[in-house]
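# Fold and contact review
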Amino acid sequence: MLDVFPELAGWLNMQKAATNSETEKGDGEDETDGDGVDDSVMDGSRKIEEPMADVSKETSTEPPPPPPFPEYPIQPDTENSQYIPGSGYGLLLVDARNAFNELNRYNMLWEVYHRCPPLAKIAFNRYRHHSLCFMRNEMGEDPTVIACKEGITQGCCLSMVCYGIALMPLAEWLRTEVPGALQPWYADDLSGIGTATDNATVLQLLKEKGPYVGYYPEPDKSHYVCMPQDEEAAKAAFEAAGIPDLNYGRSRKYLGGVYGDAAEKEEWVKKKVEQWVYCVEVLGKCAYTQPQAAYVAFVLSLQNEWTYISRIVPNVGPLLAPIEVAIREKFIPPLFGISPSELSGELRHLLSHSVKHAGLAIRFPVEQSEGCFKTSQQAVKHLVNSLVNRQTLCTRSHKKAAEMARIDSQMAKQSDAEYYLTQWGRDKPGDKRRLERICETGCWLTAVPNRLNGTILSAEEFRDNLRLRYNLKPMGMPDLCDGCGAKMTVEHALQCKVGGLVHCRHNDVTREFGSLCKQAFTPGAVEYEPFIYSSTQRTAEEVAAAAKAETTTQQHNATEGSTPVTTKEERGDVMVSHFWKRQRPTVFDTRITDADCRSYRNKAPLAVLRQQEREKIRKYKDTCLERRRDFTPLCFTADGMPGREALNAMRQLGTHLAEKWELQRSQMVFYVRVRMSLALVRANSLLLRGSRDRHHRIRPLIENGPGMSNWHTWSGE
């Protein structure tokens with residue numbers, strides 16, 4: 001493990017003084033070009049991973065101590081400051097009493113009817129009658145019926161929209177009466193930014209006019225954030241307005257973030273970081289026995305928490321460094337089954353990419369913080385300008401700005417990932433082929449483990465395929481094949497036909513596709529192993545010609561003294577009716593190949609799959625068309641990369657499932673691809689771990705004790 005993380009370029013750039021003093025490097029330092037990536041990685045002189053035995057010898061097994069919190073506190077943003085000294089300038093956070101349940105329901109229906117007519121009928125049907133709540137103390141007693149005549153039911157899908165529309169007249173009136181205070185609303189949370197006099201006027205008017213619409217502010221639960229030197233002026237302004245019991249402070253949590261003093265903001269972030277480090281360590285412990293669940297929980301849930309903080313709190317990146325240390329030392333090693341010393345910097349950088357770019361989407365907490373905050377600023381730029389300039393918000397412009405910010409951020413990440421992969425595969429054809437392939441084989445990583453959907457993998461299955469994805473040898477492989485006695489390698493395990501495991505993989509993938517077709521159509525529409533060349537379907541001339549050819553072949557073989565042969569009936573793997581067209585069956589034939597075998601190492605994976613598809617089409621398509629059948633080859637690589645025909649078939653199958661289950665087509669296409677990818681993943685683990693020994697020993701028939709003396713004779717030993 002590296003003592004200095006080369007990927008944390010954003011953090012290192014903040015150390016301006018240290019950077020200026022280190023312009024001249026020592027003899028023993030690694031050379032980098034300033035982009036945070038080692039030059040030896042970029043020029044292709046390093047491998048993705050070193051042999052495990054060599055790495056453990058060359059690198060110390062003791063991980064470096066985690067770096068302390070950097071001494072670069074969060075700096076306040078004074079670029080757009082409107083602070084007025086001596087005015088009690090600050091942030092007012094108003095808390096309302098039982099906000100949703102106290103709302104005036106009739107006023108809400110009136111405002112919805114006039115401001116949003118398309119929603120009026122739905123809201124009226126939902127709230128035209130009183131909501132009834134049945135409460136019972138003990139079983140058998142008659143329940144007490146409580147009629148809810150006011151407010152909006154929490155949990156209703158219309159609650160946020162209807163509540164916001166109901167408060168719009170109050171918000172517009174406050175903005176007109178107190179134009180000097182900026183007043184953003186989020187549901188029942190009102191915040192006022194301005195001088196103490198303006199904020200006190202806002203809260204005073206809110207207490208007077210708020211009850212008319214069902215909004216009851218509580219000053220004793222509200223907070224005012226200001227500087228220490230402005231607190232006296234703020235207290236005087238609020239006491240003059242008749243609000244003496246307001247809470248004052250330097251910072252306060254609001255909408256998932258914290259606002260106020262930079263030092264207190266930093267302390268709050270540090271406490272959150274300590275909690276996140278603990279959560280990463282807990283997931284690391286779970287990864288030993290449940291790596292799939294731990295990985296999904298981290299990628300889809302945990303890391304999004306500090307990503308959100310990075311979006312709303314500026315300059316928070318350096319404080320997230322302990323999370324990166326925990327990820328490197330406590331989470332990724334048990335996920336792969338390696339030690340922290342075996343995790344190289346370049347492999348960690350690759351894992352930070354998305355699954356579509358050969359990574360695992362385990363992002364860098366420090367490096368991404370600056371980009372997340374800039375993207376968030378660009379996304380809400382139009383909304384902020386509307387609030388500051390007191391203009392009417394154009395929702396179309398706001399959505400367009402947010403969408404453009406999202407696209408720009410994705411394009412920047414995509415270009416960086418593609419550049420990194422291009423530089424990595426330069427002058428190394430083997431790594432380039434493998435990186436291109438694993439970019440298309442990560443569907444099984446994005447699946448949430450669910451027993452109902454059949455997307456659960458065992459720890460062995462998940463870890464074996466994860467190591468194969470990054471060219472690491474699976475753990476605990478035997479030295480020799482128990483079927484043929486050859487040296488056991490990954491290539492041999494995926495190709496050895498002794499024991500029938502290769503046929504099991506073929507059948508598993510075929511049955512999985514057939515099972516999905518039964519769900520999309522009916523069980524009667526799916527037939528396994530249909531005849532392609534069947535004598536019952538041929539004409540009399542074809543049967544006579546085949547019989548004559550067979551007789552000639554048998555006579556020739558009898559003359560030569562060889563064994564007679566018979567006509568071979570070719571079969572497909574599965575036939576589905578109404579797949580491409582109505583009342584027209586389609587024959588599917590499956591083929592799975594190892595794209596890393598020696599005969600294919602000089603070809604691109606897509607070229608290999610295309611060649612195999614052409615062979616299948618040339619062999620079977622014309623005969624199927626003569627019988628008014630369609631033919632589609634299902635060609636996959638061993639790690640799950642589909643060919644063009646297979647990809648089109650999965651898309652068509654997803655379309656049929658979407659029509660039957662009334663779901664989104666994209667969702668069902670993804671579901672089909674995940675299920676097929678998982679079938680191949682499980683088959684790989686079977687080939688690596690399954691037994692090929694099919695020689696059954698003769699069981700001795702021992703009836704009594706003396707019969708044990710002849711056991712060796714009966715067993716054939």
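Turning our eyes to something else, we now look at the sheet that holds strand 13 (residues 630-637). Spatial ordering of the open sheet is given by 10-11-12-13, a layout of four strands whose pairing is mixed. Two strands close off the open sheet at either side, each with one partner strand: strand 10 (526-528) and strand 13. Neighbour-to-neighbour, the strand axes of the sheet open up by a mean angle of 35 degrees, direction not taken into account. One ladder, built from three bridges, connects strand 10 with strand 11 (residues 574-581); its direction is antiparallel. Bridge pairing in strand 11 places Tyr528 opposite Val574. Against the sheet, helix 22 (residues 501-520) contacts strand 10, strand 11, strand 12 (584-593) and strand 13, and its axis sits at roughly 165 degrees relative to strand 10. Packed on one face of the sheet, helix 24 (residues 605-626) meets strand 12 and strand 13 and runs near 160 degrees to strand 13.

The next thing to look at is the nonpolar core. Soluble globular proteins tend to bury their nonpolar side chains together. In terms of nonpolar packing, the biggest core is built from 58 residues, with Tyr295, Phe298, Phe336 and Ile362 touching the most fellow members. Contributing elements (two or more residues each) for this core: helix 12 (262-286), helix 13 (291-312), helix 14 (321-336), helix 15 (345-351), helix 18 (395-424), helix 19 (429-438), helix 20 (459-469) and helix 26 (665-689). Look past the residues within four positions of Phe298 in its chain and what remains in contact with it is Val280, Leu283, Gln303, Trp306, Ile327, Phe331 and Ile362. Membership of the second largest hydrophobic core comes to 43 residues, among which are Val112, Leu119, Ala166 and Ala234.

As a further point, take the pairing of strand 8 (residues 251-254). Two strands pair when backbone bridges link them, and strand 8 and strand 9 (residues 257-260) are joined in this way by four bridges, in the antiparallel orientation. Bridging from a neighbouring strand, Tyr254 pairs with Gly257 of strand 9. Taking the residues between adjacent antiparallel strands as the criterion, strand 8 and strand 9 are bridged by two residues, where Leu255 takes a positive phi near 55 degrees.

Let us look at the environment of Ala293. Relative to the helices and strands, Ala293 is located in helix 13. The spacing of Ala293 and Leu283 is ten residues in sequence and 8.9 Å in space, taken between C-alpha atoms.

Contact geometry for helix 12 and helix 14: axes closest at 8 Å, N-to-C directions at 5 degrees. Relative to helix 14, the element helix 12 is oriented roughly parallel. Along its contact with helix 12, which presents Val273, Trp276, Val277, Val280, Glu281, Leu283 and Gly284, the element helix 14 presents Pro322, Ile323, Ala326, Ile327, Lys330, Phe331 and Pro334.

With mixed pairing, the five strands of this open sheet are ordered in space as 4-5-1-6-7. Since the sheet does not close on itself, it has two edges, and those belong to strand 4 (185-186) and strand 7 (247-249), each with one partner. Pairing geometry for strand 1 (residues 90-94) and strand 6 (residues 223-226), over four bridges, is antiparallel. When the sheet's bridge partners are listed, Leu92 is paired in strand 6 with Tyr224. Contacting strand 1, strand 4, strand 5 (189-194) and strand 6, helix 10 (residues 196-213) crosses the sheet at an angle of about 150 degrees to strand 5.

Basis of the calculations
- Residues numbered from 1 in each chain as written.
- Predicted model: local features only at pLDDT ≥ 70, side-chain atom pairs only at ≥ 80, totals over all residues.
- Heavy atoms only, no water.
- Pairing = 2+ DSSP bridges.
- Helix = DSSP H or I, 4+ residues; strand = E, 2+ residues; numbered from the N terminus.
- Axes fitted to C-alpha atoms, helices over the stretch in contact; angles between N-to-C directions.
- Contact = heavy atoms within 4.5 Å.
- Core = buried A, V, L, I, M, F, W, Y, C linked by side-chain atoms within 4.5 Å.
- Buried < 20%, exposed > 50% of the residue type's maximum accessible area, 1.4 Å probe, protein only.
- Parallel < 35°, antiparallel > 145°, perpendicular 65-115°, else oblique.

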